[in-house]
Amino acid sequence: MAIIDRDLLAKVLAVALSRGGDYAEVFAEHSLTRVFDYEQGALKRPMAGNTVGAAVTLRAGERAITAITHELDEGALIRAAETIAETIGLCPAGSHKVELHYQDKRTMTAVDIPFTEWNAQAKAGLLVKANDAARAEGNEIAQVRVLYREQSRRIQIANSVGVVVDDDRDYLHMVAQAFAVGGGELQVGVAQYGKQRGLEVLSGDMPEELGRRAACQAITNLHAQPAPMGPMMIVLSGGWSGVLFHEACGHGLEADSVLSDSSVYRGRIGEKVANELVTAVDDATIAGEWGSYGYDDEGSMGQRTILIEDGVLRGYMHSRATAEQSGVTATGNGRRESYEYMPIPRMSNTFIMPGEDDPADIVARTDYGLFVKDMRGGQVNSASGDFVFVVSEGNIIRGGKLAEPVRGATLIGNGPEALQRVDMIGSDFGFGPGMCGKMEQSVQAACGQPTLRVTELTVGGTGQGR
Amino acid sequence: MMIQYEKIVSDGLRQGADEVELYIHKEKTTRISGSKSTIGAVSTADVNGVGIRVFRDNRLGFAQTSVLTEDGVRKALAEALDVALAGDPDEFNGLPDMAGSSSGWEYYDDQVVTMEPQAKLKLLAGLHDHARAVDSRVSGLTELLYKDQAIEVRIVNSKGVDITKRSTAAQAFVEVCTDVGGDLQSGYGLRCARKVTDLDFPGLVEYAAGKSLKLLGGKPISSREAAVIFEPLTACELLGVLSFALGADAVQQGRSMFVNKVGEQVGSDQLTITDDPEYEAGERSQPFDGEGVASVRREIISAGRLTSLFHDASTARKAGCALTGHGNRGNYRSLPLPMPSNLRIMPGQYAQEELMRMAGNGLLVLQVFGLTTGGADQVSGHLSVGVSGVWFEHGEPVQSVREVTVSGSLFDLLNRVQATGNDVLDIMHQGCWSAPSVLIERLMISGK
């Protein structure tokens, strides 16, 4: 059932445009969430959430006026539309008619068993499984925390171009954190799972696997040596290490940074910005993936956008407004955290495509370097292209083999330079789920890549080299 | 029709709860954003909601909803009661035994509500040109985000508490870029205030432009141990990381660097950190916390000694100590958790230039990367973050620096605080943090 009736949507849009303007939009949202937090052997803080709200926007030239309300009745929506019409106030009140046509639904969520099929106790039981599996890894595991979060988000967008769409996103996320103690030290290990899938993914041993991986990482870090400092050759494992590209390049390809002249990639379409081995893509249409959607939060179709092809910059990621400003077609990257925020260009699922090299060969052909097995997160200065990310599990590579584990490494580099220095790309592939923060808004974004090698990045550690 | 919240509370008790609490949040927010000369996106929001806690047989259940109708709130109450059944009993669960009041302080500026958005927009006019006027190398204002809020919170609970507080806040974020022959640098600035008219927008733009100019032509330096001065904005960001580790929940659960450290020396005697809910310039000033407990000013770290953690009702009960009034929430969607109100590194007497002369040679850090994405681990205390700034010698700037990291332990950082400045900055990011420039005697810098 639609969040807001189509006829009411048309009426609201007509009122919004009644005193002039180029474009009007209604964004409505209904989200249901459940969060379970399991720690020290107990489920302490079960939470349920129900969020409903709408944003009515009117654009006129460079101005965009929005009224946001948590009430979806006709009175509240019409009042919101009247407020913004009056603010723009380009002409005396006149009548305007909008005819809306529903676009085909194209949900990217891939749920077999809906969240509502299990009760809270059944879900809580999974957290116990993850906890027990973590603790079984050894006495050094002093503490385990497991978080489970499910969110069913339904959105509806209607605009004055005549388009109305519904999009459903169902997010399932679990994180296990294990704390290992020994010799006066405390180290943490983290493992997470995040997809737009249903409860079917919990039926196997995924919870136990998360617990085990988190515990193993914590124990490894407890016994690891301090990472060396200085420039090193880096081999990044496939999957979440794709956050390298997300930070090194992805943010700089969001069109708002480009248009405001605060991106190191501005004006470089058609130029070589990476090694020719590198092809990178943003793709919202991967069924069941964490950052996917059928329509973005402005009603544009989610799509696959080639960002870099054989090392050459091909395109940016756009919202409706930046696409219009640039004179290009919208790329379906206009996203907002919720109805409380305005849409801005954001990534969806961003990744470097697999290459030809055998992943095992990439390590074997590295005489000395750092193997990055897992990372926390990263951050970028889009103007300069300088980025940093934190390694959460890594090994020295010595003579083509994985040697001693190291900890405490921060990798720092410059986006364009780092991408030019990619010299081997594996044939494997994986994704990891992240929450990407930009301008106070946080959205689901997946990062992915194959195993790949960068000939040099600076490692910020406290140990000595070789 | 007005919702009878007291009736919802008593209905909750009848339906099986031992205790019930309603946290009713009403918020009007204005946001203005844009870049360059086009500051054209204005949004006004009415965001209301209620967070309901129920305790039954020592189990907690929580539900939040934005549907503020009688039906919507009752549904949320039912959800809270239902989801509580999945929780495990905890003898320390429950509402606080005492409450504050709403009398006294009003942290409220009417203008936040009465000034029309278009009038606020006028205050932001001309900032792009103002940025460009600072220096010919400044390309302009690349991002502006202004936000103000008027918030009213009412807490009604089954212990007979019914108290209300109101507050306003205004904040601005700007990014200014410099461009010299394709070498692009950015500097950002944040300011917050209770009153819209207390925000100095031109000053903020000049600050961001100045930072961006200082970072132009930056290069890595070789790895070395050296004195490091964290400029106020970066010191505020570090303070934010520490604030998570100072929560009693993290300490009691063994996931904080401050486990078993209360009463001990954790920093140098030059370091005092205070939580101040009465701070005039603070955005999170309040008469009571998110559970209704009276908030009072309290030293957390006194001349380097850890004297207090942040407690909520359940952590205080577990520790057997007095309530500290730190059961705070971001908004109605969150549970109260031990968090500060306005957290302040107390200022010293030195201007930033004096700190540089005191150190002789060192790195003035103007921007930090990776603090909140794993670079500062509040569990292990490990610190490894990217920084950019200015290398100085004999107290004078020598070269711009970028693509280096500062590493070590957060304890080393705290213990080596040599002096604090008098140049206090207050920012509102995830919390309200206040800090001056802070001189650290030495830290490891990794570069080329």
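Going by the structure above, here's the rest.
Residues numbered from 1 in each chain as written. Chains lettered and ligands numbered in written order. Predicted model: local features only at pLDDT ≥ 70, side-chain atom pairs only at ≥ 80, totals over all residues. Heavy atoms only, no water.

### Some words on the overall build of chain A
Counting its secondary structure elements, chain A contains nine helices and 24 strands. At 24 Å, chain A has a C-alpha radius of gyration in line with the 23 Å of a compact globule built from 466 residues. Its C-alpha atoms give chain A principal-axis dimensions of about 75 × 55 × 35 Å. A burial count over chain A gives 63% of its 466 residues as buried. In chain A, the proportion of contacts linking residues at least 24 apart, taken out of those at least 6 apart, comes to 76%. Summed over all atoms, the accessible surface of chain A reaches about 15,900 Å², with 48% contributed by carbon and sulfur. For chain A, the distance from the average site of its 43 positive side-chain charges to the average site of its 61 negative ones is 2 Å. (Helix = DSSP H or I, 4+ residues; strand = E, 2+ residues; numbered from the N terminus. Rg over C-alpha atoms; globule rule 2.2 N^0.38 Å. Buried < 20%, exposed > 50% of the residue type's maximum accessible area, 1.4 Å probe, protein only. Contact = heavy atoms within 4.5 Å. Areas by Shrake-Rupley, 256 points an atom, 1.4 Å probe, with all protein chains shown as cover. Lys, Arg positive; Asp, Glu negative; His and termini not counted. Charge placed at Lys NZ, Arg CZ, Asp CG, Glu CD.)

### Quick look at the side chain of histidine 326 of chain B
Looking at the secondary structure, you find histidine 326 of chain B in the loop between α9 (313–319) and β11 (327–328). Apart from residues no more than four positions distant in its own chain, histidine 326 of chain B is found in contact with Asp275, Asp289, Arg298, Leu309, Phe310, His311, Leu337, Pro338, Met339 and Pro340 of chain B.

### What to know about helix α10 (residues 352–359) of chain B
Along an α-helix, a turn takes 3.6 residues, which lines up residues three or four apart on a common side. All names here are of chain B. Listing the buried residues of α10 in full gives Gln352, Leu355 and Met356. All buried residues of α10 project into a common sector of 100° when viewed along the axis, lining one side. Following α10 by one or two positions, glycine 360 has its phi on the positive side, about 80°. (Arc of directions from axis to C-beta.)

### Focus: the sheet that holds strand β19 (residues 432–435) of chain B
Residue and element names in this part refer to chain B. The strand order β10-β9-β8-β13-β19-β18 describes an open sheet built from six strands, whose pairing is mixed. Each edge of the open sheet carries a strand with a single partner, namely β10 (305–306) and β18 (425–428). Sheet topology places strand β9 (residues 298–302) next to β10; two bridges connect them, and they run antiparallel. Looking at the pairing, serine 302 lines up with arginine 305 of β10. (Pairing = 2+ DSSP bridges.)

### Looking at the packing of helix α1 (residues 5–14) of chain B against helix α2 (residues 70–84) of chain B
Residue and element names in this part refer to chain B. Running from N to C, α1 and α2 point in directions that differ by 30°, and their axes come no closer than 11 Å. Viewed along their axes, α1 and α2 adopt a mutual orientation that is roughly parallel. Every pair of crossing elements has a handedness; the one defined by α1 and α2 is right-handed. Contacts from Lys7, Ile8, Asp11 and Gly12 in α1 reach Glu70, Val73, Arg74, Leu77 and Leu81 in α2. Each residue belonging to the contact of α1 with α2 can be placed in one class, and the counts come to four nonpolar, one polar and four charged. (Axes fitted to C-alpha atoms, helices over the stretch in contact; angles between N-to-C directions. Parallel < 35°, antiparallel > 145°, perpendicular 65-115°, else oblique. Left-handed = near helix turned anticlockwise from the far one by under 90°. Nonpolar A, V, L, I, M, F, W, Y, C, P; charged D, E, K, R; others polar.)

### Structural notes on empty space enclosed by the protein
One pass over the structure, following the stated rule, counts five cavities of 30 Å³ or more. When its volume is computed, the largest cavity comes out at roughly 290 Å³. Lining the largest cavity are 21 residues, with Arg45 of chain A together with Asp90, Asn93, Asp312 and Ser314 of chain B sitting closest to its centre. Where the lining of the largest cavity is concerned, the elements lending two or more residues are β2 (38–56), α8 (248–252) and α9 of chain B. The greatest single-element share of the lining of the largest cavity, amounting to four residues, is contributed by α9 of chain B. Within the lining of the largest cavity, the residues separate by chemical class into seven nonpolar, six polar and eight charged. Counted as a void, the second largest cavity has a volume near 100 Å³. Mapped onto the lining of the second largest cavity, the elements with two or more residues apiece are α7 (232–245), α12 (410–415) and β20 (438–446) of chain B. Broken down by element, the residue count for the lining of the second largest cavity peaks at four residues, all from α7 of chain B. By residue class, the composition of the lining of the second largest cavity is 13 nonpolar, no polar and no charged. (1 Å grid on protein atoms, 1.4 Å probe; cavity = no way out; pocket = protein on both sides within 12 Å on 5 of 7 lines; lining within 4 Å. Points joined across faces, edges and corners; volume = space filled by probe spheres on them.)

### Thoughts on the packing of helix α1 (residues 6–16) of chain A against helix α2 (residues 74–88) of chain A
All names here are of chain A. Where α1 meets α2, the closest approach of the two axes is 7 Å, and the angle between their N-to-C directions is 25°. One element, α1, and the other, α2, form an angle in the roughly parallel class. For the pair α1 and α2, the sense of crossing is right-handed. Residues Leu8, Lys11, Val12, Val15 and Ala16 of α1 touch α2, and the partners they reach there are Glu74, Leu77, Ile78, Ala81, Glu82, Ile84 and Ala85.

### Some words on the pairing of strand β3 (residues 59–65) of chain B
Among the seven residues of β3 of chain B, six are classified as buried, and the element is accordingly described as predominantly covered. In terms of strand pairing, strand β3 (residues 47–60) of chain A meets β3 of chain B through four bridges, oriented parallel. Paired with methionine 47 of chain A across the two strands is phenylalanine 62 of chain B, which belongs to β3 of chain B. Hairpin connection from β2 of chain B to β3 of chain B: two residues lie between these consecutive antiparallel strands, with aspartate 57 of chain B at a positive phi of about 50°.

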